[in-house]
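# Tertiary structure, described
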Amino acid sequence: IRTYIIVSVGYYIQLLVYVFVETRRKDFLEMVIHHVITLTLITIAWFCDQWKIGCVICFLHDLSDPFLEVAKIFNYLKPTRSWADPLSTLCFVIFMTIFGITRLGMFPIYVLHPVKTIIPDFVMSFYMLSILQVLHIYWFFLILKTAKKAITGDLNDTREKKSSWDLGRWNSVRKQILELAGSKKDN
């Protein structure tokens, strides 16, 4: 159990760093809030010997994620591989179902309620968990919006904005790094 918590801390630290590196999405702020709160809750569970609730929080958040990532992979393959379309849809439907069950059904029952009633000393944790629940509802709304687009044939990430890191900007940064490296080499 402790290993799972340690791995989860590392995973959420990586996600928090990555959210600043990847293409900015409409829900950037929500993702940062989600990762900071999740890391804080896992840390509280660690230091307060609340391993069980910490594991339940991590498990309920981790269960649907692989299906979303596999759905994205198949979605990216669709232009070149016709067999990827039904697999993308299947994985997305599985993701949507698991997300709804775990984060909108099980999370309030097995995490929010016990923290409020069984562990009342963790008032701050209850508020953070409530914020997570609001984020889950918001993201499920985006998932339903994506499902609607999938039915109409336009399956793209509804959170995506145009990347601020276009090729021109990347090449400019790359050139500056190479020039800086060259000037240090001369010294």
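Shown above is the structure to which this text applies.
Residues numbered from 1 in each chain as written. Predicted model: local features only at pLDDT ≥ 70, side-chain atom pairs only at ≥ 80, totals over all residues. Heavy atoms only, no water.

### So, the overall build of the protein chain
Each helix and strand in the protein chain was counted, giving 7 helices and 0 strands. Here the protein chain, with 187 residues, has 36% of them falling under the buried criterion. Taking all contacts inside the protein chain whose residues are at least 6 apart in sequence as the whole, residues at least 24 apart take part in 71%. When the accessible surface of the protein chain is totalled, it reaches about 11800 Å², and 68% of it is carbon and sulfur. (Helix = DSSP H or I, 4+ residues; strand = E, 2+ residues; numbered from the N terminus. Buried < 20%, exposed > 50% of the residue type's maximum accessible area, 1.4 Å probe, protein only. Contact = heavy atoms within 4.5 Å. Areas by Shrake-Rupley, 256 points an atom, 1.4 Å probe, with all protein chains shown as cover.)

### So, the nonpolar core
One finds L41, F92, F107, V111, L129, L132 and I143 to be the most contacted residues of the largest nonpolar core, which totals 39 residues. Within the residue set of this core, elements represented by two or more residues are α1 (2-21), α2 (28-47), α3 (51-62), α4 (65-77), α5 (84-117) and α6 (123-152). Per element, the largest residue contribution to this core is 10 residues, and it comes from α5. Once residues lying within four places of it in the same chain are set aside, the contact partners of L129 are L41, I57, F107, V111, L112 and V115. (Core = buried A, V, L, I, M, F, W, Y, C linked by side-chain atoms within 4.5 Å.)

### Points about the packing of aromatic side chains
One pass over the full model with this rule turns up 7 aromatic pairs. Centre to centre, the rings of F74 and W83 are 6.1 Å apart; their planes meet at 80°, and the pair counts as edge-to-face. Taking the relative accessible area as the measure of exposure, F74 reaches 17% and is therefore buried. (Phe/Tyr/Trp six-rings, centres within 6.5 Å; stacked < 30°, edge-to-face > 60°.)

### A look at the pattern of salt bridges
Scanning the entire structure with this criterion turns up 3 salt bridges. Of the charged contacts in the structure, one is a salt bridge between R25 and E22, with a shortest N-O distance of 3.9 Å. The salt bridge partner of R103 is D65, with a shortest N-O separation of 3.2 Å. Here D65 lies in helix α4 and R103 lies in helix α5, a separation of 38 residues in the sequence. (Salt bridge = Lys/Arg side-chain N within 4 Å of Asp/Glu carboxyl O.)

### Details of empty space enclosed by the protein
All told, the structure shown has 2 cavities of 30 Å³ or more when counted by the stated rule. Empty space within the second largest cavity amounts to approximately 30 Å³. Taken together, V19, E22, T23, R24, R25, F28 and M31 form the lining of the second largest cavity. Taken together, the residues of the lining of the second largest cavity sort by class into 3 nonpolar, 1 polar and 3 charged. (1 Å grid on protein atoms, 1.4 Å probe; cavity = no way out; pocket = protein on both sides within 12 Å on 5 of 7 lines; lining within 4 Å. Points joined across faces, edges and corners; volume = space filled by probe spheres on them. Nonpolar A, V, L, I, M, F, W, Y, C, P; charged D, E, K, R; others polar.)

### A short note on α4
Taking 1.5 Å per residue, 13 residues should reach 18 Å; α4 reaches 19 Å between its end C-alpha atoms and fits that length. Inspection of α4 places D65, A71, F74 and N75 among the buried residues, and these make up the whole buried set. On its buried face, α4 is in contact with α1, α3 and α5. (Expected span 1.5 Å × (residues − 1).)

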